[in-house]
Amino acid sequence: MTSATPPSSESSSPQKVCHSQTQTEVTKPLLGSPVGTAAAGAAPGTAGATALRLRRRVLSKDGRSNVRIEHVSGRGALYLRDLWTTFLDMQWRYKFFLFAATFAGTWFAFGVLWYLVALVHGDLLEFDPPSNHTPCVMEVKTLTGAFLFSLESQTTIGYGFRCITEECPVAIILLIFQLVITMVMEIFITGTFLAKVARPKKRGETVKFSQHAVVSNHEGQPCLMIRVANMRKSLLLGCQVTGKLLQTSLTKEGETVRLDQRNVPFQVDTSSDSPFLIIPLTFYHVIDDTSPLRAWAAKGGGWTDPELADFELLVILSATVEPTSATCQVRTSYLPDEILWGYEFPPVVSLSPSGKYVADFAFFDKVSKTKSLPSFKQGLPTTPPMLRNHGNKEADPEKVRLEESYRGEERGRDRGRLRDASPLSVRISNV
């Protein structure tokens, strides 16, 4: 399906486009290449090719989203309500800084509270307490001493010089409050560290996609092929590979939809259910009349055409990690210039002299040109026999159903007579 051609700049009212529930001008490029990026004086074909090469991705090759979220009211409050996800999504350098700042901040905050308790009770040096004075906390006579007592209590160091006494019930309550609050805080921070380390995202980094996708004939049909490999010996269970084609589409109402998503199913040979990803596998998408790539393939896969090549193919692998039973998702994307027409993947699995299978990743991203280019011909819509017989007249649904039922019975009787008259067919069917 080709994308809609943007209106000329001379139009008085630019066409409105639906893009993620917002409205924008259709003159804005689909995937981000600004107008005028091509060099001045360049040929039109060269300018189009340059613009396509400079186009930005919706999804990067390593699976990260390039979509920036703006103008969200109350965004900070929304993130604070979900602190767990906010801490998990935080980068490591900010997490380490927040970890250190949280502990140092609580030590100082409770140190100030201990200093106020000593101030109210008259335990500080400036009050010159008598020799028989019993303080709330022993050896807490300055702000520094209060900070050290807070640190020792929270980390349970206990050097033996500073300790709480029975003189002040408020001090006992404050100690209990500090230990409970800081223990909950430590559990939360430690849990986020462990969860971030054990995230399935790290397991997904050991799943490799081919740098290019190729299009060649497979089983007599043009197919889009990608190669996927698991670089660990631990298996991925229940692998599912799906594709999403992002392109501009034009509805029947004349509305241009940016980044319209179309399903691109992938399969291994004849099945798409749970492939055994123990060796690098090639996944196929058959380009037929139902494929969203049919218009692009009908033109021979030319990516320099700004209308046909205005798309991005997202490939998503979902699986379950065997050691942890966690769900893992790996993503990548292919632009039109990364889909090679008339190429195929060379074999990567060989048999060593010792009798072991070897997957040589030196050939994983290599491609080779096919002997013959794939050809795709769009099929013409067929007219049912009932409609051809009736011409332009509207057929009666009940009559059509009865005619089809009668024809089915006739065909069944004919097949029965053929089986009765040909004993050879019986012998073949029994083999």
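Rules behind the numbers
- Residues numbered from 1 in each chain as written.
- Predicted model: local features only at pLDDT ≥ 70, side-chain atom pairs only at ≥ 80, totals over all residues.
- Heavy atoms only, no water.
- Salt bridge = Lys/Arg side-chain N within 4 Å of Asp/Glu carboxyl O.
- Buried < 20%, exposed > 50% of the residue type's maximum accessible area, 1.4 Å probe, protein only.
- Phe/Tyr/Trp six-rings, centres within 6.5 Å; stacked < 30°, edge-to-face > 60°.
- Helix = DSSP H or I, 4+ residues; strand = E, 2+ residues; numbered from the N terminus.
- Expected span 1.5 Å × (residues − 1).
- Core = buried A, V, L, I, M, F, W, Y, C linked by side-chain atoms within 4.5 Å.
- pLDDT = per-residue confidence, 0-100.
- Contact = heavy atoms within 4.5 Å.
- Axes fitted to C-alpha atoms, helices over the stretch in contact; angles between N-to-C directions.
- Parallel < 35°, antiparallel > 145°, perpendicular 65-115°, else oblique.
- Left-handed = near helix turned anticlockwise from the far one by under 90°.
- Nonpolar A, V, L, I, M, F, W, Y, C, P; charged D, E, K, R; others polar.

A. The arrangement of the pattern of salt bridges in detail. Using the criterion set out here, one finds 7 salt bridges in the structure. Asp-260 is the partner of Arg-262 in a salt bridge, and the nearest nitrogen-oxygen pair spans 2.9 Å. Judged by its relative accessible area of 19%, Asp-260 falls in the buried class. Salt bridges here are not isolated pairs; linked through shared partners, they connect Arg-57, Lys-61 and Glu-338.

B. Summary view of the packing of aromatic side chains. Across all of its chains, the model carries 13 aromatic pairs by this definition. A ring pair is formed by Trp-84 and Phe-188, whose centres lie 5.7 Å apart and whose planes are at 75 degrees; its orientation type is edge-to-face. Taken as a pair, Trp-84 in helix H3 (residues 83–89) and Phe-188 in helix H6 (residues 169–197) lie far apart in primary sequence, 104 residues in all. Accessibility expressed as a relative area gives 27% for Phe-188, which makes it partly exposed. When the centroid spacing of 6.2 Å and the interplanar angle of 55 degrees are considered together, the rings of Phe-103 and Trp-107 count as tilted.

C. Just helix H4 (residues 92–121), in detail. End to end, H4 covers 44 Å across 30 residues, agreeing with the expected 44 Å (1.5 Å per residue, within 8%). When H4 is considered as a whole, its buried residues turn out to be Lys-95, Phe-103, Thr-106, Trp-107, Phe-110, Gly-111, Trp-114, Val-117 and Ala-118. Just downstream of H4 lies Gly-122, where phi reads positive at about 80 degrees.

D. A look at the nonpolar core. Membership of the largest hydrophobic core comes to 33 residues, with the highest contact counts inside it found for Leu-224, Ile-226 and Phe-266. For this core, the leading source of residues is strand S9 (residues 311–321), giving 6 residues. Ranked by size, the runner-up nonpolar core spans 14 residues in total, among them Phe-110, Trp-114, Ala-118 and Phe-149.

E. Expanded view of the confidence of the model for the protein. Put simply, the protein has an average pLDDT of 77, and 71% of its residues get 70 or more. Ranking the elements of the protein by mean pLDDT puts helix H11 (residues 423–430) last, at 32, and strand S3 (residues 207–209) first, at 93. Between residues 1–53, whose pLDDT stays under 50, and residues either more than four places distant or in other chains, the model counts 84 contacts. Confidence drops under a pLDDT of 50 for residues 417–431, and excluding neighbours within four residues, the segment shows 3 contacts in the predicted structure.

F. View of H6. Helix length check: H6 (29 residues) gives 43 Å between terminal C-alpha atoms against 42 Å at 1.5 Å per residue, within 8%. Packed against the buried residues of H6 are H3, H4 and helix H5 (143–154).

G. Looking closely at the packing of H4 against H5. Running from N to C, H4 and H5 point in directions that differ by 125 degrees, and their axes come no closer than 7 Å. In this view, H4 runs oblique relative to H5, as classed from their interaxial angle. Note that H4 runs across H5; the crossing there is right-handed. Touching Phe-103, Thr-106, Trp-107, Phe-108, Phe-110, Gly-111, Val-112, Trp-114 and Tyr-115 of H4 are Leu-143, Ala-146, Phe-147, Phe-149, Ser-150, Leu-151 and Gln-154, all from H5. Class assignment for the residues of the contact of H4 with H5 results in 12 nonpolar, 4 polar and no charged.

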